[in-house]
Amino acid sequence: MKRFETWWKEGVIYQIYPRSFRDSNHDGIGDLKGIIESLEYLQWLGICAIWLSPVYLSPMKDFGYDIEDYRIIDPLFGSNEDMYELIEAAHAKGIRIIMDMVINHTSDRHRWFIESASSIDSKYRNFYMWHDAPSRKKPNNWKAAFGGSAWEFDKHSSQYYLHSFLASQPDLNWRNPDVEKAIFNEMAFWLDKGVDGYRLDVINLIVKDALFRDNPKTIGETIRAYDMQRHVYDRDQNETHNVLRRMRSMTEHYDKRMLVGEIMVEKPGNPEMTASYQGNGNDELHLTFNFAYNWIAWDALRWRKEAEHWYRALKDERWPSWVLSNHDVKRSITRFGNDVQRAKISALFLLTQRGTPFLYYGEEIGMQDKPVAPWEIKDPVGRHYWPFHPGRDGQRRPMQWNSDAGFGFSTVKPWLPYHPDAKKNTVEQQKHEKNSLLHLYHDLIAIRNHDEALRLGTIRFLDHEQADVLAYVREYGQISRLVLLNFSKDARQIPLSLIAQGTQDAAFRVIFNTTSSLVETTDTHLVLGGYQGLLLCEGE
Ligand code: TEU
Ligand code: CA
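For clarity, every value in this text was computed on a predicted model and none was experimentally measured.

Asks: Can you tell me about the overall build of the chain, naming the residues and giving the values?
Replies: In terms of helices and strands, the chain carries 16 helices and 21 strands. Projected onto its principal axes, the C-alpha coordinates of the chain cover approximately 80 × 50 × 50 Å. Among the 540 residues that make up the chain, the fraction classed as buried is 61%. Taking the contacts inside the chain whose residues are at least 6 apart along the sequence as the reference set, 70% of them involve residues at least 24 apart. Counting 66 positive and 74 negative side-chain charges, the chain places the averaged centre of each group 3 Å from the other.

The following block contains the structure:
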């Protein structure tokens, strides 16, 4: 694997949901040894880093997003030794490791919270946000993302504490400088062990309004029915940027580390707000996630609009990242109708935008998403909101490696059921099929890894008459690449004059084709087949 100058800008990053990747010790739950065993596959795929969803000690009320101890690996996933081994083995293969840092809240089993809850006079009391409860009135109207009020009454002290998610996930008090010190120490622990960076969970939520003012209610807005308020005072406070600047300086003491932030925004998204957490491009987060493509419809013009909006919001100094799927949203292939041809178009889009692509495990084989049966729901979101929201188990089903009884994931009953069609769709099968989605990802990542224009070039969308076709150019010095993506199932005529704008020459060469159909041209046009995507460059 080529080692890039700035790996987090140039490489492809692969998210693993550890519970669901590979189970090495036959308990039905994926683990670190399972990931170590899979490194060869990931190296073959060509990715440059793995982001691991949380593997720390946890009561697993939110499957690891509730941390009991930042320095200990949960025995379900293995031991600290296994984690050190994973870091070393990955590094030996040129693969970097990004851990998930959940610092808006801890588990209620974290020793800080246990101390904090023990007495009003505890020296940890102000690590969390406690408020008096005269006649049991809640301190304000804030809602928890996972349902109900964000305030939980504590009988022991007759005070409420704040939780933006489950009551078992109390929010840390980031206005207390001791909290920052303590968390930076925990972060340093893994940086010292060689971890290459962190994905920061709901990082725009950490600081809360100093006066705890009520959030305004939304009237007639079509946001999620269970979240009827605008998060003016419990998100996006200015002080968060100060914390991030100090966090960035702390990580700069290490070599080549990276911070990527999850910025929780309401639909339809807010690219300017998201981009703001990258500061001036050098002083806050290296990357942030823009979730526009986790919600978007299958519509070429919308895809272009969202992309241009994202680039505009970032300006030149902040580096973009791209993501179609993750452990919180329905997998993209399913959102687009479980159609492999569409998955190929979206893959070509993801891997040819300017910025860092993030892949979610199984996306490369087009693993499908299906909510689990109501009685099998494990996710707290599903437990609370079913049937309005089926929860997130559908996108967390076990990885489909091969056609063995447990699909190469496990030899016993898995923690979540396999997708009913798992048999039709495995890594092993797709490795044997030349035209598979897996080969497309493998080949495109390889092309990208060797192509400076795709990794670092500028981007420019081209205007033309075909509403279903996206056309854009990536340019780097003298090199230019043209991408054509047909979102329609029907063929579309593309004027050769448009192609010449992208290839600097009337003559062009096909670097990559998402279909096996040959590229036809007439005297004046190129015929782009239904759902055909092309990557072109100049030349014969
Ligand atoms: O996610 C933020 C979050 O709460 C939403 O993405 C949420 O999953 C969605 O609104 C529910 O439909 C982060 C983590 O990615 C998520 O897995 C955690 O559960 C959450 O924070 C709390 O740590
Ligand atoms: Ca296991």
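Asks: Could you give an account of the site of ligand 1, naming the residues involved and the relevant values?
Replies: Neighbouring ligand 1 are 17 residues, the closest being Asp62, Asp201, His327, Asp328 and Arg392. Arginine 392 places a polar side-chain atom, nitrogen or oxygen, 2.7 Å from an oxygen atom of ligand 1. Considered on its own, ligand 1 offers 490 Å² of accessible surface; in the complex 93% of this is hidden by protein.

Asks: How would you summarise the coordination of the calcium ion (ligand 2) if you had to cite specific residues and measurements?
Replies: The protein atoms that coordinate the calcium ion (ligand 2) are Asp23 (OD), Asn25 (OD1), Asp27 (OD), Ile29 (O) and Asp31 (OD), at distances of 2.2 to 2.4 Å. Each donor residue of the calcium ion (ligand 2) lies on the same chain, and together they follow the pattern D-x1-N-x1-D-x1-I-x1-D. For aspartate 27, a relative accessible area of 32% translates into the label partly exposed.

Asks: So what's going on with empty space enclosed by the protein? Which residues, and what values?
Replies: Think of a ball as big as a water molecule: rolled over the atoms, this probe shows where empty space is left. Per the stated rule, a full pass over the model turns up 3 cavities of 30 Å³ or more. Approximately 70 Å³ is the volume found for the largest cavity. Lining the largest cavity, in full, are Leu324, Ser325, Arg331, Ser332, Ile333, Ala343, Ser346, Glu363, Gly366, Met367 and Tyr441. Mapped onto the lining of the largest cavity, the elements with two or more residues apiece are helix H10 (332–335) and helix H11 (340–352). Of the residues that constitute the lining of the largest cavity, the class distribution is 5 nonpolar, 4 polar and 2 charged.

Asks: Describe in detail the packing of aromatic side chains, supporting the description with residues and values.
Replies: Counted according to the given criterion, the structure contains 42 aromatic pairs. Taking 6.3 Å as the distance between ring centres and 75° as the angle between the ring planes, the aromatic pair formed by tryptophan 51 and phenylalanine 358 counts as edge-to-face. Taken as a pair, tryptophan 51 in strand S2 (residues 49–52) and phenylalanine 358 in strand S13 (residues 356–360) lie far apart in primary sequence, 307 residues in all. The pair formed by tryptophan 51 and phenylalanine 358 is uniform in burial state, with each residue classed as buried. Taking the ring centre of tryptophan 415 as reference, the NZ or CZ of arginine 19 above it sits at 4.3 Å. Sitting above the plane of the phenylalanine 153 ring, arginine 136 keeps its charged end 3.7 Å from the centroid.

Asks: Can you explain helix H16 (residues 496–503)? Please cite residues and give values.
Replies: Buried residues of H16: Leu498, Ile499, Gly502 and Thr503, and no others. In an axial view of H16, the angular spread of the buried residues amounts to 125°, which keeps them on one side of the axis. Of the surrounding secondary structure, the elements contacted by the buried residues of H16 are strand S15 (469–476), strand S16 (479–486), strand S17 (492–495), strand S18 (508–513), strand S20 (525–528) and strand S21 (533–538).

Asks: Can you tell me about the sheet that holds S13, naming the residues and giving the values?
Replies: Within the open sheet, the 8 strands sit side by side as S11-S10-S9-S5-S2-S1-S13-S12. Their pairing is parallel. On the outer flanks of this sheet lie strand S11 (287–288) and strand S12 (321–323), each paired with one strand and no other. When strand S1 (residues 13–16) meets S13, the two strands line up parallel, connected through 3 bridges. Counterpart to isoleucine 13 in the pairing with S13 is phenylalanine 358.

Asks: Could you give an account of the domain arrangement of the chain, naming the residues involved and the relevant values?
Replies: We note that the domain assignment places domain 1 (10–105 + 177–200 + 258–446), domain 2 (111–162) and domain 3 (458–538) within the chain. Computed from C-alpha atoms alone, the centre-to-centre distance between domain 1 and domain 3 is 31 Å. Each partner contributes residues to the interface: domain 1 has 23 residues there, and domain 3 has 24 residues. If you look at where domain 1 meets domain 3, you find 1 salt bridge. Put simply, aspartate 463 and arginine 304 hold a salt bridge, and the shortest N to O gap is 2.8 Å.

Asks: Talk me through the sheet that holds strand S14 (residues 458–461); I want residue IDs and the actual numbers.
Replies: Strands sit in the order S14-S15-S16-S21-S18 across an open sheet of 5 strands; the sheet is antiparallel. The open sheet is flanked by S14 and S18, the only strands paired with a single partner. Between one strand and the next, the sheet's axes are offset by a mean angle of 25°, whatever the strand orientation. By the bridge criterion, 5 bridges tie S18 to S21 in an arrangement that is antiparallel. Looking across to S21, one finds that valine 510 is bridged to leucine 536. Sitting on the sheet, helix H14 (residues 437–449) touches S18 and S21, and the angle it makes with S18 is about 135°.

Asks: Report on the nonpolar core, specifying residues and quantitative values.
Replies: Tyr14 and Met83 are the most contacted members of the largest nonpolar core, which totals 136 residues. The leading source of residues in this core is helix H6 (residues 177–192), at 8 residues. Ranked by size, the runner-up nonpolar core spans 14 residues in total, among them Leu482, Leu498, Ile499 and Leu528.

Asks: Can you lay out the pattern of salt bridges for me, pointing to particular residues and giving the numbers?
Replies: Going through the model one piece at a time under the given rule, you end up with 29 salt bridges. Note that arginine 199 and glutamate 262 form a salt bridge whose closest N and O atoms lie 3.3 Å from each other. Taken together, the positions of arginine 199 in strand S9 (residues 197–200) and glutamate 262 in the loop between strand S10 (258–261) and helix H8 (271–276) put the pair 63 residues apart, joining distant regions of the chain. Across the pair, glutamate 262 and arginine 199 agree in class, each one buried. Between glutamate 284 and arginine 245 there is a salt bridge, and its shortest N-O distance comes to 3.1 Å. You can see glutamate 284 sitting in the loop between H8 and S11 and its partner arginine 245 sitting in helix H7 (residues 239–252), a full 39 residues away along the chain. A relative accessible area of 34% means that arginine 245 is categorised as partly exposed. Ionic contacts of the salt-bridge type, sharing partners, join the residues Asp62, Asp328, Asp379, Arg392 and Arg396 into one network.

Conventions used here
- Residues numbered from 1 in each chain as written.
- Chains lettered and ligands numbered in written order.
- Predicted model: local features only at pLDDT ≥ 70, side-chain atom pairs only at ≥ 80, totals over all residues.
- Heavy atoms only, no water.
- Helix = DSSP H or I, 4+ residues; strand = E, 2+ residues; numbered from the N terminus.
- Buried < 20%, exposed > 50% of the residue type's maximum accessible area, 1.4 Å probe, protein only.
- Contact = heavy atoms within 4.5 Å.
- Lys, Arg positive; Asp, Glu negative; His and termini not counted.
- Charge placed at Lys NZ, Arg CZ, Asp CG, Glu CD.
- Near = heavy atom within 4 Å.
- Polar contact = N/O pair within 3.5 Å; in protein donor to acceptor, adjacent residues only side chain to side chain.
- Areas by Shrake-Rupley, 256 points an atom, 1.4 Å probe, with all protein chains shown as cover.
- Donors = N, O, S within 2.8 Å, 3.2 Å for Na, K, Ca; no water.
- 1 Å grid on protein atoms, 1.4 Å probe; cavity = no way out; pocket = protein on both sides within 12 Å on 5 of 7 lines; lining within 4 Å.
- Points joined across faces, edges and corners; volume = space filled by probe spheres on them.
- Nonpolar A, V, L, I, M, F, W, Y, C, P; charged D, E, K, R; others polar.
- Phe/Tyr/Trp six-rings, centres within 6.5 Å; stacked < 30°, edge-to-face > 60°.
- Lys NZ or Arg CZ within 6 Å of the ring centre and 35° of its normal.
- Arc of directions from axis to C-beta.
- Pairing = 2+ DSSP bridges.
- Domains from an automatic or database assignment.
- Salt bridge = Lys/Arg side-chain N within 4 Å of Asp/Glu carboxyl O.
- Axes fitted to C-alpha atoms, helices over the stretch in contact; angles between N-to-C directions.
- Core = buried A, V, L, I, M, F, W, Y, C linked by side-chain atoms within 4.5 Å.

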